[in-house]
Amino acid sequence: QVHLVASGGGLVQAGGSLRLSCASSTRTISNLAMGWFRQAPGADRDFVATINWSGGSTDYADSVKGRFAISRDDAKNTVYLQMNSLKPEDTAIYYCALGQHYGNIAVQPSDYYYWGQGTQVTVSS
């Protein structure tokens, strides 16, 4: 059973920053593609960012490009999402996910196999 723990969410004013972490305590993330998604109330789960198995490729939703950055530290079994210049529309529950072994960047929820429990991000105006 894979156990992913997302943390770092909270309440922040518009223009502020947060760094989300997603740690795997039961499985190494080495050689796995990783992703972040978010879900606002009443909305679908949307793609935010992805990083390939080696960390050499990343991709972002248009709405967060230039503001968010995904990174990974395989030695710590952790993937990060640095979020800058936050906007009220970034308010959502943020989920991390494990993708395919030696996987490339992936933007569809169906490309991921294990999901964390989510962490709430609230941006006030």
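The preceding data block contains the structure.
Not measured: the values here are computed from a predicted model. (Residues numbered from 1 in each chain as written. Predicted model: local features only at pLDDT ≥ 70, side-chain atom pairs only at ≥ 80, totals over all residues. Heavy atoms only, no water.)

Looking at this structure, I do not really get the overall build of the protein chain. What am I missing?
A tally of regular secondary structure across the protein chain gives zero helices and eleven strands. Put simply, the protein chain runs from its N terminus to its C terminus through helices and strands in the order β-β-β-β-β-β-β-β-β-β-β. Computed over the C-alpha atoms, the radius of gyration of the protein chain is 13 Å, within 12% of the 14 Å expected from 2.2 N^0.38 for a compact globule of 125 residues. Dimensions of the protein chain, computed from the C-alpha atoms along their principal axes, are close to 40 × 25 × 25 Å. (Helix = DSSP H or I, 4+ residues; strand = E, 2+ residues; numbered from the N terminus. Rg over C-alpha atoms; globule rule 2.2 N^0.38 Å.)

I keep staring at the state of the cysteines and nothing clicks. Help me out?
A full pass over the atoms with the stated rule returns one disulfide. Between the sulfur atoms of Cys 22 and its disulfide partner Cys 96 the distance amounts to 1.9 Å. As the torsion about the S-S bond is roughly 55 degrees, the Cys 22-Cys 96 disulfide counts as right-handed. Taken together, the positions of Cys 22 in strand E3 (residues 18-24) and Cys 96 in strand E9 (residues 92-101) put the pair 74 residues apart, joining distant regions of the chain. (Disulfide = S-S within 2.5 Å.)

How should the pairing of strand E4 (residues 32-39) be read in this particular structure?
Put simply, side chains in a regular strand alternate between the two faces of the sheet. With seven of its eight residues buried, E4 lies for the most part within the structure. Across six bridges, E4 lies against strand E5 (residues 45-51) in antiparallel orientation. Bridging from a neighbouring strand, Arg 38 pairs with Asp 46 of E5. In this antiparallel pair of consecutive strands, E4 and E5, the connection spans five residues, and Gly 42 shows a positive phi of 75 degrees. (Buried < 20%, exposed > 50% of the residue type's maximum accessible area, 1.4 Å probe, protein only. Pairing = 2+ DSSP bridges.)

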